[in-house]
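One letter stands for each residue in the lines below.
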Amino acid sequence: MNSLPGRGILQLPPIDEPAPGKSFDIRKYTMAATTIMKSGRVNEHRKFNTMRLVCNLPFEVLQRIFIACAQTSFQTPRWSWVDLTFVCSTWRQAALDCHELWSYIDFSHFRSTSLSLYRSTAQPISLRARVDSNNQQSIYRTLHNAPIIRDVHLISSIYDIGPLMGALKNPNGALESLIINVLRPDNADNRDIRYSKRSGPLPGPRLPSMLYLELHRTPINLVSPRFTNLRHLSLHHLPFSERPSRNDFLTLLERFVMLEHLTLVHAFPKNVAAGSCNTGSVINLPNLLTISLTGSILELTNVLEFVAIPPTARVQCYVDKTDDFKTNFWRLTKVIGTHFHATTLEMPLDTLTIEVRQDSNRFTNGGYIINPAFRQSLRVRAFGAEPLLDLVIGPDANTVHDELIISALTSVWDALPLMNVCNMVLQNLDIVTQKSWPRLLYSLPKLRVIEMIGHCPSGLLWALLLNARSHSHLEHEDMSTLLLPTLEDIYLHNIDCFAGGMMTSPWGPVNSHHDLDDSRFLEVVFAYLEDRQRCSLPLRSLSISHCVNVSKTVLNDMRACVSHLLWDHRGLYKEGSLQLETERSAVYRNHWPLQPPPQRHYFRLQTLMELD
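Only a predicted model underlies this, so the values are computations on that prediction, with no experimental measurement involved. (Residues numbered from 1 in each chain as written. Predicted model: local features only at pLDDT ≥ 70, side-chain atom pairs only at ≥ 80, totals over all residues. Heavy atoms only, no water.)

1. Details of the overall build of the protein
Put simply, the rule is: The numbering of helices and of strands both runs from the N terminus, where a helix is a DSSP run of H or I of at least 4 residues and a strand a run of E of at least 2. Three exposure classes are used, based on accessible area relative to the maximum for each residue type with a 1.4 Å probe and protein chains only: buried under 20%, partly exposed in between, and exposed over 50%. Contacts were defined at the residue level, with two residues in contact if any of their heavy atoms lie within 4.5 Å.
When its secondary structure is counted, the protein shows 17 helices and 24 strands. Counting the 612 residues in the protein, one finds 50% classified as buried. Long-range contacts, defined here as pairs at least 24 residues apart, represent 71% of the contacts in the protein between residues at least 6 apart.

The structure is reproduced here in structure tokens:
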């Protein structure tokens with residue numbers, strides 16, 4: 001019998017055990033079953049059970065349910081899927097007849113481990129467990145002695161995983177999937193995690209069966225070049241002491257020529273954040289389908305610079321640190337734009353989705369001081385025949401400022417080849433001002449469909465309205481500078497049609513939260529449709545769904561401006577359902593916990609009409 005090596009873990013504070021979940025006490029169920037047997041009502045209960053559908057499931061369905069429980073039960077403390085076999089004789093027989101079920105070794109108790117190992121004889125086993133002092137020996141022996149292991153999924157503290165590292169570095173030859181999740185110690189980050197020995201991967205024969213590798217806070221030497229057929233590599237929160245040099249990381253990554261999915265979450269080489277890591281050579285991963293990176297702007301930029309991404313691959317970038325935004329964000333957009341410009345003939349972008357998410361109130365009470373809890377993020381997605389780009393900026397302390405969000409959006413927009421985009425979706429994008437939109441819209445000459453969701457993009461509508469109005473009053477027919485000349489359809493979803501807008505701030509390209517425009521959103525849309533019609537470019541359709549405060553008067557006026565008008569009757573405005581200061585007032589979402597400070601109100605649409 002193999003014995004455990006030394007613990008081999010240094011410099012870590014004690015780790016508290018996770019809070020135990022609701023336990024499944026088999027003794028309670030045994031006592032309940034005994035009580036029923038002694039009551040003399042067994043036949044009555046059995047007849048009652050036969051009338052219930054859940055008690056008449058086919059064995060095949062029960063076995064699929066049991067297997068699903070066996071695959072995930074280790075994530076629930078103090079519960080075992082083996083307990084299901086004690087519920088009733090039918091369930092027990094269904095479990096005994098399912099040989100696949102017993103391949104999921106249960107490590108919740110020594111007796112369950114021995115039983116499941118005995119019944120799994122001659123078939124590949126699945127080793128899934130939450131490692132602790134009670135099952136560490138059993139897991140260690142199983143890793144060393146089991147003839148065929150199909151997959152391993154372990155959740156452990158850094159203390160308990162140490163003795164198992166030797167077996168994990170030299171895994172079973174039939175292993176297809178390895179997932180190791182080392183839990184983060186309390187009051188510690190990646191800099192505090194240190195393993196006692198730093199060594200390279202163990203030599204040995206190739207392991208072509210390994211297809212999936214996912215590691216959280218583990219030593220890097222679990223990533224072995226022996227995994228010649230690896231398809232999915234996912235590294236999360238690699239300890240700083242375990243991060244390889246740039247050259248070692250590139251050399252290792254280059255060996256996985258069959259790799260399809262690469263995920264790095266704060267798991268970059270040591271010197272990748274020190275500056276450009278462009279060594280002159282680029283790694284070619286011809287089968288790559290997805291590359292997902294999470295980290296700072298510089299870390300993402302430097303990795304993308306040395307990986308040759310196939311045209312059909314999906315690029316996912318999550319920027320959670322924007323301290324170096326002014327210095328390095330242009331580099332990130334440049335490398336992303338270079339990739340998509342090079343592939344635009346093979347995989348052109350045809351759909352663009354932009355979303356802003358905000359948490360908490362923007363301001364504190366009594367003024368315009370940013371709430372410390374306020375956070376917002378920007379998400380830009382681009383699609384061709386399939387999803388190609390997913391870029392998320394924030395949330396962090398810097399993205400609370402609208403200037404950064406607008407600047408990031410403008411930089412990404414300028415970098416991407418958008419000349420073939422025909423569909424655009426805007427969700428909660430009310431922070432972009434009227435002055436910022438024209439520059440963006442001129443790069444969309446083929447846009448046909450706009451969908452607006454959530455907060456009203458008033459800046460967009462005012463940019464379109466003023467542009468269309470300037471053309472509708474021209475005596476000549478030059479439409480070369482008309483924004484979105486091919487636009488045909490507008491979809492409004494989950495919008496308050498009485499919502500007003502904000503005036504542009506006089507000190508920057510952002511909205512002023514104390515200068516408000518009481519022009520209602522749907523009325524601005526109607527004015528834009530009228531001017532499009534005067535330009536002989538009427539829209540084909542306008543669809544209004546799941547919106548509120550939809551004015552029936554405005555809808556009737558719109559019929560003459562658009563060929564197809566659809567709306568949801570449930571969202572029609574009812575007289576008296578909304579308390580307004582005046583009959584023409586607009587509504588606004590509140591950025592303050594209580595009442596906002598004094599604000600100035602304007603009515604831009606009325607002023608524009610009076611000028612005519």
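2. Some words on the environment of D151
This is how the line gets drawn: Definition of a polar contact: a pair of N or O atoms within 3.5 Å, with one able to donate and the other able to accept a hydrogen when the atoms are protein atoms, and with sequence-neighbouring residues admitted only if both atoms are side-chain atoms.
Relative to the helices and strands, D151 is located in strand β4 (residues 149–156). Since its relative accessible area comes to 9%, D151 is described here as buried. C-alpha of D151 to C-alpha of L127: the two residues are 24 residues apart in sequence and 6.2 Å apart in space. Sequence-distant contacts of D151, that is, excluding residues within four places in its chain, are made with I125, S126, L127, R128, L175 and S177. A polar contact of 3.1 Å, which involves the side chain of D151, links it to the side chain of R128.

3. With respect to the pattern of salt bridges
Here is the rule we go by: We count a salt bridge whenever a side-chain nitrogen from Lys or Arg sits within 4 Å of a carboxyl oxygen from Asp or Glu.
Summed over all chains, the structure comprises 18 salt bridges. The salt bridge involving D568 is made with R570; its shortest N-O contact spans 3.0 Å. Judged by its relative accessible area of 67%, R570 is exposed. Sharing partners across several salt bridges, the network here consists of R448, E488, D489 and R540.

4. Observations regarding the sheet that holds strand β24 (residues 600–602)
Adjacent strands of a sheet form backbone hydrogen bonds with each other and so pair up, either parallel or antiparallel. What counts, and what does not: At least two bridges found by DSSP between two strands are what make those strands a pair. In this analysis, axes come from line fits to C-alpha atoms, helices being fitted only over the stretch in contact, and the angle between any two N-to-C directions falls in the range 0 to 180 degrees.
Here three strands make up an open sheet; going across it, the order is β20-β21-β24 and the pairing mixed. Edge positions in the sheet fall to β20 (501–504) and β24, since each has one partner strand and no second. Across the sheet, the mean angle from the axis of one strand to that of its neighbour is 55 degrees, orientation sign disregarded. One ladder, built from three bridges, connects β20 with strand β21 (residues 511–517); its direction is antiparallel. Residue pairing for β21: M502 is matched across the bridge by L516.

5. Overview of the confidence of the model for the protein
This is how it is decided: pLDDT measures how confident the predictor is about each residue, on a scale from 0 to 100.
This prediction gives the protein a mean pLDDT of 86; 88% of its residues lie at or above 70. Low confidence marks residues 1–23, where pLDDT is under 50. Its contacts with residues over four positions away, or in another chain, come to 47 contacts.

6. What about unusual backbone geometry?
For the peptide bond that leads from G394 to P395, omega is 5 degrees, which places it in the cis range. Within the secondary structure layout, P395 lies in the loop between β16 (387–393) and α12 (402–415). Backbone geometry places H266, a non-glycine residue, at a positive phi of 50 degrees.

7. Quick look at the side chain of S177
As for its placement among the helices and strands, S177 is situated in strand β5 (residues 177–182). Classification of S177 by relative accessible area gives buried; the value is 17%. Setting aside residues no more than four positions away along its own chain, S177 makes contact with R150, D151, V152, M210 and Y212.

8. Re the packing of aromatic side chains
Rules: Only the six-membered ring of Trp is used, alongside the rings of Phe and Tyr, when aromatic pairs are assigned; centres must lie within 6.5 Å, and planes under 30 degrees apart are stacked while those over 60 apart are edge-to-face, with the rest tilted. For a Lys NZ or an Arg CZ to count as sitting over a ring, it must be within 6 Å of the ring centre and within 35 degrees of the ring normal.
Tallying each qualifying case throughout the model produces eight aromatic pairs. Relative to Y573, the ring of F498 has its centre 4.8 Å away and its plane inclined at 45 degrees; by these criteria the two rings are tilted. Taken together, the residues span a long stretch of sequence, with F498 in the loop between β19 (489–493) and β20 and Y573 in the loop between β23 (562–567) and β24 at a distance of 75 residues. Of the residues examined, F498 reaches a relative accessible area of 4% and is grouped as buried. We classify Y573 as partly exposed; its relative accessible area is 22%. An aromatic cluster of at least three residues, connected via ring pairs, comprises F363, Y368 and W592. Taking the ring centre of F498 as reference, the NZ or CZ of R520 above it sits at 3.8 Å. The residue whose ring lies beneath R604 is W462, and the NZ or CZ to ring-centre distance is 4.1 Å.

9. Digging into the nonpolar core
For clarity, the cut-off: As used here, the term nonpolar core means buried Ala, Val, Leu, Ile, Met, Phe, Trp, Tyr and Cys residues forming a set that is joined through side-chain atoms within 4.5 Å.
With 143 residues, the main nonpolar core has L154 and L168 as its most contacted residues. For this core, the element with the highest residue contribution is helix α15 (residues 521–534), accounting for eight residues. Non-local contacts of L168, meaning those with residues more than four positions away in its chain, are made with L143, V152, L154, I161, L178, I180 and L222. Formed by 14 residues, the second largest nonpolar core is a distinct cluster that contains I67, A95, C98 and W102.

10. Quick notes on the packing of helix α3 (residues 59–72) against helix α4 (residues 89–96)
The line we're drawing: To sort the angles, those under 35 degrees are grouped as roughly parallel, those over 145 as roughly antiparallel, those from 65 to 115 as roughly perpendicular, and the leftovers as oblique. In this count, Pro and Cys sit with the nonpolar residues alongside Ala, Val, Leu, Ile, Met, Phe, Trp and Tyr, while Asp, Glu, Lys and Arg are called charged and the others, Gly among them, polar.
Where α3 contacts α4, the axes come no closer than 9 Å and their chain directions differ by 75 degrees. As far as their axial angle goes, α4 and α3 are roughly perpendicular. Residues F59, L62, Q63 and F66 of α3 lie in contact with α4, whose contacting residues are T90, W91, Q93, A94 and A95. Of the residues contributing to the contact of α3 with α4, the split by class is six nonpolar, three polar and no charged.

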